[in-house]
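Working through the structure, step by step
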Amino acid sequence: MTSASVRHGIVAGIDGSASAVNAARWAASAAKRFDEPLRLTHVLPGQPESGGGTNVTDEEMFDHHLRVEGAKLLDEAEDAIRDDHTDVTVERGLVTGTPATTLVELSKSARIVALGQAGTSEMQSVFLGSDTIRVVNRAHCPVAVFRGTGEHAVADTRPIVVGVDGSKLSELAVAHAFEFAAFLGAPLVAVHTWNEHASLGGYSEARRFVDWGPYEQHEHALLSECLAGWTEKYPDVDVTRSVQRSGPMKALLEHSAEAQLVVVGSHGRSPFMASIVGSTSQSLIHHAQCPVLVCREG
């Protein structure tokens, strides 16, 4: 079961960037298809620390200025949405706090949180941090990160791609991918990867003489097993299985060029840990050519 049965609304974080507006437009399209309200949210910073000379009037003026500017950003995002969707229910919110903490709190009751792409490079995220990465790593619902410059609509002929590795988090991603595909009438491409390093437990001279046929058959069987229950639950979803002798990052990045959405699970590693042990989801967030839906247990 996905979170869709107990959660309500699609939250779009608005920070004034063009990428956030693109994410909101994508979220509006998803909201229409799922018959959900769209909740545009702008996070206001808290009061600056004063040196003792700030009075109540100054604080009120500062707060008023922030709210006026925040309302303008929400207006701009809503205007962009209305260019494509006049019938989506739009709710607006100005919330004081820090962006990551606020959006993670909202994710407790949301069906999806939609964000613009990370404003930092993959390396900068390691050292400087990124609100997008923080939300993705801590959210209680799937997080859609808008990437690419193509269509903002979620309903087109391009497939939804899901990464499958047999883990519990992968099963969660598969569940959401099938749900999206069923709602949108889109084909689904299930991608599973394997390599010699994982199969033999390390590099060795012996791999030069291995017959990889049985290994590949095993990986095909694993993918079929992971999809079995979902193909029965969603018999109308057209599923293509792709088993590739490759790394998951490389394979999914390649598939993103032809997809309307890539869906993956995430362990919620920090950018620093991800830089050490690798993170497929964070690599996709920074480099995919289409929106990415990251699913975590919340």
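Residues numbered from 1 in each chain as written. Predicted model: local features only at pLDDT ≥ 70, side-chain atom pairs only at ≥ 80, totals over all residues. Heavy atoms only, no water.

- The chain goes by Universal stress protein in an unreviewed UniProt entry, where it is assigned to Rhodococcus erythropolis.
- On record in UniProt, under Sequence similarities (unreviewed entry), the comment for the chain is "Belongs to the universal stress protein A family." (UniProt positions renumbered as here; feature names shortened; annotations may be inferred.)

**Quick word on the packing of helix α3 (residues 99–106) against helix α5 (residues 131–138)**
- At a minimum axis distance of 9 Å, the contact between α3 and α5 shows a crossing angle of 30 degrees. Judged on the interaxial angle alone, α5 and α3 are roughly parallel. The element α3 and its partner α5 pack so that their crossing is right-handed. Contacts from P99, A100, T101, L103 and V104 in α3 reach D131, R134, V135 and R138 in α5. (Axes fitted to C-alpha atoms, helices over the stretch in contact; angles between N-to-C directions. Helix = DSSP H or I, 4+ residues; strand = E, 2+ residues; numbered from the N terminus. Parallel < 35°, antiparallel > 145°, perpendicular 65-115°, else oblique. Left-handed = near helix turned anticlockwise from the far one by under 90°. Contact = heavy atoms within 4.5 Å.)

**Describing the pairing of strand β1 (residues 10–13)**
- Residue alternation in β1 divides its side chains into two sets, I10 and A12 and V11 and G13, and both sets are buried.
- Two elements, β1 and strand β2 (residues 38–44), share four bridges in a ladder whose sense is parallel. Pairing of I10 across the sheet is with L38, part of β2.
- Following the backbone out of β1, through helix α1 (residues 18–34) and into the adjacent parallel β2, one traces a crossover that is right-handed.
- Note: β1 against strand β4 (residues 112–115), three bridges, orientation parallel. Looking across to β4, one finds that I10 is bridged to I112. (Buried < 20%, exposed > 50% of the residue type's maximum accessible area, 1.4 Å probe, protein only. Pairing = 2+ DSSP bridges. Right-handed = clockwise from strand over helix to strand, strands pointing away.)

**Here we look at the pattern of salt bridges**
- This model, assessed by the stated rule, comprises twelve salt bridges.
- Measuring nitrogen to oxygen at the nearest pair gives 3.1 Å for the salt bridge that ties E105 to K108.
- The residue E179 makes a salt bridge to R111 at a minimum N-O spacing of 3.4 Å. Here R111 lies in the loop between α3 and β4 and E179 lies in helix α6 (residues 168–184), a separation of 68 residues in the sequence. Summarising the burial analysis for this pair, E179 and R111 share the class buried. (Salt bridge = Lys/Arg side-chain N within 4 Å of Asp/Glu carboxyl O.)

**A word on α3**
- Looking only at α3, the buried set comprises A100, T102, L103, V104 and L106.
- Looking at the buried residues of α3, the elements they touch are β1, β2, β3 (90–96), β4 and α5.

**A few points about unusual backbone geometry**
- Of note, the phi angle at D35 is positive, near 55 degrees, even though the residue is not glycine.
- According to the relative accessible area criterion, D35 is exposed, its value standing at 69%.

**Here's the deal with the sheet that holds strand β7 (residues 188–194)**
- Pairing is mixed in the open sheet, where ten strands are placed in the order β3-β2-β1-β4-β5-β10-β9-β6-β7-β8. The open sheet is flanked by β3 and β8 (239–245), the only strands paired with a single partner. Direction aside, the axes of adjacent strands within the sheet are offset by 25 degrees on average.
- Relative to strand β9 (residues 261–265), strand β6 (residues 160–163) runs parallel, the two being bridged by three bridges. Bridge pairing links V161 to V262 in β9.
- Together, β4, β5 (143–145) and β10 (292–295) form the strand contacts of α5, whose direction differs from that of β5 by roughly 150 degrees.
- Along the sheet, helix α11 (residues 280–287) contacts β5, β9 and β10; its crossing angle with β9, the most-contacted strand, is approximately 155 degrees.

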